[in-house]
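# Summary of structural features
So the chains spell out like this:
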Amino acid sequence: MKSEKIIGIMGAMPEEIEGILTLMHNRVEIQIANRIFHTGTLEGKNVVVVFSKSGKVAAAITSSILIKEFAISKLIF
């Protein structure tokens, strides 16, 4: 059985994800590790969008959460 593909979309500043959030459908917010992950669909694809905060460590933590908790298959930063 093939699992559902989920695309992770991450931004280092809130402005980088605001436009994407307005285009999403069926959006649900999930808070993990002081970050709000927005799950839903975009152009018919399952996505998780998140503001990672700035810096390499913040990006690494957020990427790890996307992989572990949401089982993303791709990441766009």
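Residues numbered from 1 in each chain as written. Predicted model: local features only at pLDDT ≥ 70, side-chain atom pairs only at ≥ 80, totals over all residues. Heavy atoms only, no water.

## Focus: the environment of Pro 14
Basically, it comes down to this: Numbered from the N terminus, helices here are DSSP runs of H or I no shorter than four residues, and strands are runs of E no shorter than two. Burial classes follow relative accessibility: with a 1.4 Å probe on protein chains only, a residue under 20% of its type's maximum area counts as buried, one over 50% as exposed, and anything between as partly exposed.
The topology assignment puts Pro 14 in helix H1 (residues 14–23). Looking at Pro 14, the relative accessible area reads 33%, which means it is partly exposed. Note: C-alpha distance between Pro 14 and Ile 30 (16 residues apart in sequence) is 16 Å.

## Let's talk about unusual backbone geometry
The residue Ala 33 is not glycine, and still its phi comes out positive at about 55°. Within the secondary structure, Ala 33 is located in the loop between strand E2 (25–32) and strand E3 (35–42). Among the residues examined, Ala 33 registers a relative accessible area of 45% and is labelled partly exposed. Although it is not a glycine, Ala 71 adopts a positive phi angle of roughly 50°. Structurally, the position occupied by Ala 71 is in the loop between helix H2 (56–70) and strand E5 (74–76).

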